[in-house]
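Fold and contact review
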Amino acid sequence: MEQIPEQVIRQASDFFGCLGPLRLMESSYNNVFEAYQDHHPVILKIMPRTIADVDAIMSELEWVRFLGSRGLKVCSPTLSRQGQFVENIVSGDLMYHALCFEKSQGVSVGPKGPNWNQNLFRTWGAAMGTMHAAATQFRPSHPAIRRPYWYEYALFNNLNDFPKSGGEMVRKKWIDAAEWLHSLPTPPGAFGLIHNDLHHYNFHVLDQGLVLFDFGDCEYGWFSYDIAISAYHAVQTVSLEDRTTFAKQFISAFLEGYLSRHNLEPEWIQLIPKFIEYRRLFSLVFFLHHAGTFGVDDDTWKAIMTMKAEVERDEPYIKC
């Protein structure tokens with residue numbers, strides 16, 4: 001994505017009363033900034049209309065605010081000086097949407113940190129279970145203001161745009177995966193709004209609980225898949241030799257916490273390993289499709305090609 005014009009950044013900052021220099025944070029689109037609002041740290045996000053329209057953004061904010069009302073610790077959106085959650089900015093022929101969130105309190109976690117243990121995995125699972133329990137009660141305020149369903153992802157509906165670097169074998173696996181997903185039932189206790197990206201970089205630990213953030217990818221999907229996403233990215237932190245052992249330990253602790261907050265029937269728990277395999281396929285297709293947009297270095301491209309080879313060989317990501 002092209003760099004956001006300076007005048008758009010300044011105008012967005014002014015809309016939300018952000019003081020001092022803005023610090024660009026690491027993100028896929030270079031559109032997230034740390035700033036201060038009334039001496040409190042906030043996160044300013046600027047979205048080109050080509051990425052998300054106002055209804056999509058408002059549906060995300062409505063979901064986040066609902067979760068906050070249900071007791072989950074989340075980074076709530078803040079109002080602009082004009083009393084709006086989203087401000088529109090025009091620059092030339094382009095439209096941008098600006099929004100602002102409280103910056104997360106608490107501490108980050110990682111595989112080398114002291115908090116990376118079974119207790120964290122249980123707490124992580126409990127937070128997701130609380131979120132999914134809330135999802136069974138959530139109803140959008142207006143039919144037009146809703147998050148997308150999983151099948152509305154562009155590459156499910158326009159296979160002519162499938163990345164050529166994926167090759168025919170990966171393309172066929174993608175079609176087969178879509179057919180499998182379409183065949184699955186969508187009962188309210190197992191399907192609803194999911195975070196869709198709750199890896200360990202998208203929460204902080206605070207007061208024996210978690211603060212969740214970055215709901216920009218939330219969509220209607222299976223709760224089992226949401227669990228699989230967390231497991232997949234956690235497993236990425238260990239060596240190939242340790243994957244299976246770690247995955248079993250992680251999923252066991254995670255489910256212990258999850259099931260204390262939301263009941264998921266055994267048949268859906270049994271699908272978690274298959275959803276983990278699907279997450280790897282989705283990640284591969286996503287990276288291949290967006291490689292030109294994000295720009296990848298040689299090492300990253302090599303890692304993508306290694307993932308592609310594993311998928312083509314049907315090599316299990318984990319052996320559960």
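Up top is the structure these notes are about.
Residues numbered from 1 in each chain as written. Predicted model: local features only at pLDDT ≥ 70, side-chain atom pairs only at ≥ 80, totals over all residues. Heavy atoms only, no water.

As a further point, take the overall build of the protein. Helix and strand content of the protein: 10 helices and 10 strands. Relative to the globule expectation of 20 Å for 320 residues, the C-alpha radius of gyration of the protein, 20 Å, shows essentially globular dimensions. Dimensions along the principal axes, computed over C-alpha positions, put the protein at roughly 50 × 45 × 40 Å. A sequence separation of at least 24 residues applies to 74% of the contacts in the protein between residues at least 6 apart. Of the roughly 16000 Å² that the protein leaves accessible, carbon and sulfur atoms contribute 50%. (Helix = DSSP H or I, 4+ residues; strand = E, 2+ residues; numbered from the N terminus. Rg over C-alpha atoms; globule rule 2.2 N^0.38 Å. Contact = heavy atoms within 4.5 Å. Areas by Shrake-Rupley, 256 points an atom, 1.4 Å probe, with all protein chains shown as cover.)

Remark: helix 3 (residues 118–135) packs on helix 6 (residues 223–235), axes separated minimally by 11 Å, with the N-to-C direction vectors making an angle of 155 degrees. Considering their axes alone, helix 3 and helix 6 lie roughly antiparallel with respect to each other. In the crossing of helix 3 with helix 6, the sense of the turn from one axis to the other is right-handed. Within the contact between the two elements, helix 3 uses Trp124, Met128, Met131, His132 and Ala135 and helix 6 uses Phe223, Asp226, Ile227, Ser230 and Ala234. Taken together, the residues of the contact of helix 3 with helix 6 sort by class into 7 nonpolar, 2 polar and 1 charged. (Axes fitted to C-alpha atoms, helices over the stretch in contact; angles between N-to-C directions. Parallel < 35°, antiparallel > 145°, perpendicular 65-115°, else oblique. Left-handed = near helix turned anticlockwise from the far one by under 90°. Nonpolar A, V, L, I, M, F, W, Y, C, P; charged D, E, K, R; others polar.)

What follows concerns the layout of surface pockets. Roughly 320 Å³ of internal volume is contained in the second largest pocket. Lining the second largest pocket are 13 residues; nearest its centre among them are Lys173, Glu277, Tyr278, Leu281 and Asp314. Only helix 5 (167–183) and helix 9 (272–294) provide two or more residues apiece to the lining of the second largest pocket. A total of 5 residues in the lining of the second largest pocket trace back to one element, the largest contributor, which is helix 9. (1 Å grid on protein atoms, 1.4 Å probe; cavity = no way out; pocket = protein on both sides within 12 Å on 5 of 7 lines; lining within 4 Å. Points joined across faces, edges and corners; volume = space filled by probe spheres on them.)

This part is about the side chain of Asp197. Along the chain, the position of Asp197 falls in the loop between strand 7 (191–194) and strand 8 (203–206). Residue Asp197 is classed as buried on the basis of its relative accessible area, which comes to 12%. Discounting chain neighbours no more than four positions away, the residues touching Asp197 are Asn202, Asp217, Asp226, Ile229, His233 and Arg279. (Buried < 20%, exposed > 50% of the residue type's maximum accessible area, 1.4 Å probe, protein only.)

Attention now goes to the nonpolar core. When a protein is soluble and globular, its nonpolar side chains tend to lie buried together. Judged by nonpolar contacts, the single largest core of 75 residues is most densely connected at Trp63 and Trp124. Trp63 has contacts with Met131, Ala135, Phe138, Leu193, Phe215 and Cys218, leaving out every residue within four places of it along the chain. Residues Ile4, Ala12, Phe16 and Cys100 belong to the second largest nonpolar core, which totals 16 residues. (Core = buried A, V, L, I, M, F, W, Y, C linked by side-chain atoms within 4.5 Å.)

All right, on to helix 10 (residues 298–312) then. Along its 15 residues, helix 10 runs 21 Å from first to last C-alpha, staying within 8% of the 21 Å computed at 1.5 Å per residue. Taken residue by residue, helix 10 has Ile304, Met307, Lys308, Glu310 and Val311 as its buried positions. With its buried residues spanning 160 degrees around the axis, helix 10 presents them on a single face. Opposite its buried face, helix 10 presents the exposed residues Asp298, Asp299 and Lys302, each directed more than 90 degrees away. Measuring from the side-chain oxygen of the N-cap residue of helix 10 to the backbone nitrogen of Asp299 gives 3.3 Å; that N-cap residue is Asp297. (Expected span 1.5 Å × (residues − 1). Arc of directions from axis to C-beta. Polar contact = N/O pair within 3.5 Å; in protein donor to acceptor, adjacent residues only side chain to side chain.)

A few words now on unusual backbone geometry. Negative phi characterises most residues that are not glycine, and trans characterises most peptide bonds. Phi is positive for Asn196, which is not a glycine, with a value near 75 degrees. Since its relative accessible area comes to 9%, Asn196 is described here as buried. For Asp207, which is not a glycine, the phi torsion comes out positive at approximately 50 degrees. Considering the arrangement of structural elements, one finds Asp207 in the loop between strand 8 and strand 9 (209–212). Judged by its relative accessible area of 61%, Asp207 falls in the exposed class.

Moving on: the pairing of strand 2 (residues 32–37). The buried fraction of strand 2 amounts to 5 of the 6 residues, a majority that puts the element mostly inside the structure. Across 4 bridges, the pairing between strand 1 (residues 18–24) and strand 2 is antiparallel. Its bridge partner lying in strand 2, Arg23 is registered against Glu34. As judged from the 6 bridges shared by strand 2 and strand 3 (residues 40–48), these two strands associate in the antiparallel manner. Looking across to strand 3, one finds that Glu34 is bridged to Ile43. With antiparallel pairing between neighbouring strands as the criterion, strand 2 and strand 3 make up a hairpin whose turn holds 2 residues, including Asp38 at a positive phi of roughly 55 degrees. (Pairing = 2+ DSSP bridges.)

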